[in-house]
Amino acid sequence: MIEYDALHMKSRRSSEETRRLHEIKPIVHVLEQRVALYDSIESLKELTKKENNDEEIKKMIKEEAQIYLTQLTEVDDDLKSILLEPCVTNGGIVLEVTAGAGGQESMLFAKELFEMYQSYAEFKEWEVDIASIEKSDIGGIRKASMLMKGFGVPELMKMEAGVHRVQRIPITEKGGRIHTSTVSVAILPQATEMELDIPAKDIIVETKRASGAGGQHVNTTDSAVRLIHTPTGTTVECQEGRSQIKNKEIAMEKLRALLLQKQIEEQSSRINSERKAQVGSSNRNEKIRTYNYPQDRVTEHREGGVNIPSLKIFMEGGEQLEKLQESLLRQQRYDILAAEVNDFISKNQIES
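For the protein, the name recorded in an unreviewed UniProt entry is Prokaryotic-type class I peptide chain release factors domain-containing protein, with Pieris brassicae as its organism. Quoted verbatim from the Sequence similarities (unreviewed entry) field of UniProt, the annotation for the protein is "Belongs to the prokaryotic/mitochondrial release factor family."

Chemist: What is the right way to look at helix H2 (residues 15-48) in this model?
Modeler: Spacing of three or four residues puts side chains on the same side of an α-helix, whose turn is 3.6 residues. Look at H2: 50 Å from first C-alpha to last across 34 residues, which is about the 50 Å you get at 1.5 Å a residue. At Lys25, H2 shows its strongest bend, of approximately 35 degrees, with the proline Pro26 following within four residues. What H2 keeps buried is the set Leu21, Ile24, Val28, Val30, Leu37, Ile41 and Leu44. Where H2 is buried, its residues meet helix H1 (2-9) and helix H3 (55-84).

Chemist: Looking at this structure, I do not really get the packing of aromatic side chains. What am I missing?
Modeler: Where two aromatic rings form a pair, the distance of their centres and the angle of their planes describe that pair. According to the stated counting rule, one finds four aromatic pairs in the structure shown. Residues Tyr291 and Phe314 carry aromatic rings whose centres are separated by 6.2 Å and whose planes lie at 50 degrees to one another, so their mutual orientation is tilted. Taken together, the residues span a long stretch of sequence, with Tyr291 in strand E9 (residues 287-292) and Phe314 in helix H8 (residues 311-314) at a distance of 23 residues. Take Tyr291: its relative accessible area is 0%, and that puts it in the buried class. Site record: aromatic cluster; members linked through ring pairs are Phe109, Tyr291 and Phe314. The cationic tip of Arg168 hangs over the ring face of Tyr293; the distance from NZ or CZ to the ring centre is 4.8 Å.

Chemist: Would you mind going over the pairing of strand E7 (residues 224-229) with me for this structure?
Modeler: One face of the sheet, then the other: side chains in a regular strand alternate in exactly this way. By the criterion of burial, E7 is predominantly enclosed, with five of the six residues buried. Relative to E7, strand E6 (residues 203-208) runs antiparallel, the two sharing six bridges. Opposite Ile204, over in E7, you have Ile228 as the bridge partner. With five bridges connecting them, E7 and strand E8 (residues 234-238) associate as antiparallel partners. Paired with Arg226 across the bridge in E8 is Glu237. From the end of E7 to the start of E8, which pair antiparallel, there are four residues, and Gly233 there has a positive phi angle of about 80 degrees.

Rules used in this analysis
Residues numbered from 1 in each chain as written. Predicted model: local features only at pLDDT ≥ 70, side-chain atom pairs only at ≥ 80, totals over all residues. Heavy atoms only, no water. UniProt positions renumbered as here; feature names shortened; annotations may be inferred. Helix = DSSP H or I, 4+ residues; strand = E, 2+ residues; numbered from the N terminus. Expected span 1.5 Å × (residues − 1). Bend = angle between axes of the 7 residues up to and from the residue. Buried < 20%, exposed > 50% of the residue type's maximum accessible area, 1.4 Å probe, protein only. Contact = heavy atoms within 4.5 Å. Phe/Tyr/Trp six-rings, centres within 6.5 Å; stacked < 30°, edge-to-face > 60°. Lys NZ or Arg CZ within 6 Å of the ring centre and 35° of its normal. Pairing = 2+ DSSP bridges.

Rendered as structure tokens:
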């Protein structure tokens, strides 16, 4: 409330100060209601201390106090709702899907998962560019990556990072046994020009003819692009588009994301070696979700996940995935808020 008053009184505010003012305004509005209710309750307490109150007045005070307490509960619910509402921003990420345990079955599910995220991006009206796809012999995916941009992308897609487990009877299984396979999903932050400066002298650009199906164009045009970052040895490729220029742009964005992720991991290690890295980076072996086809059910293993009764609808990448991600984000905000409150209490406890 003090911060809000200080910002509100300023005649000129920076863009960051204006953003902060709008961010905390709803919280301050609810807190003001809360303070007013407490003042009203305190006034009633003073009335009850008077000895000349008759029974009728005492009854009125009791009824009024109940009204204030009910309103206080409603205000607290509003405050929790505002504090736990997922904060999403406009930005981009690089999504990588990699087949894990399970051989060909894992690769087939990796393809389905990759297609689900493509459908979800379309549902959310996000911008998508396919960076790379490494296909298996029977139509699955060994590894694939795409660039996503749009409002809510960084926060919502971060909820997908980790190991996804699938349980079903593979098309390659003749005995009818249920197999368990895994697919790893990594979410890398997409760097901007301001966040990461890569000198042109540090990049080797190689072009070649794209491999795979595509007709005469594939065999005659050097559209595939490989970028090598010489200081780190990081290599990225892109050959999905027909334009060499577009492929180079996508490869460059993917390279920037990989280098930014390395910077984040190094910085995180320096600041706190005991703190675990984000899910999807060093903590990628954690099972976050199970897709059970025989039972037509998706089970979210993280706290805050919602029940998903229809696996088929979920795999369409629409509203059900969005609800799950928002629920996980609320739980994440709750955990952060609870930790901050406990930290504040421990620092400000008065010794008895």
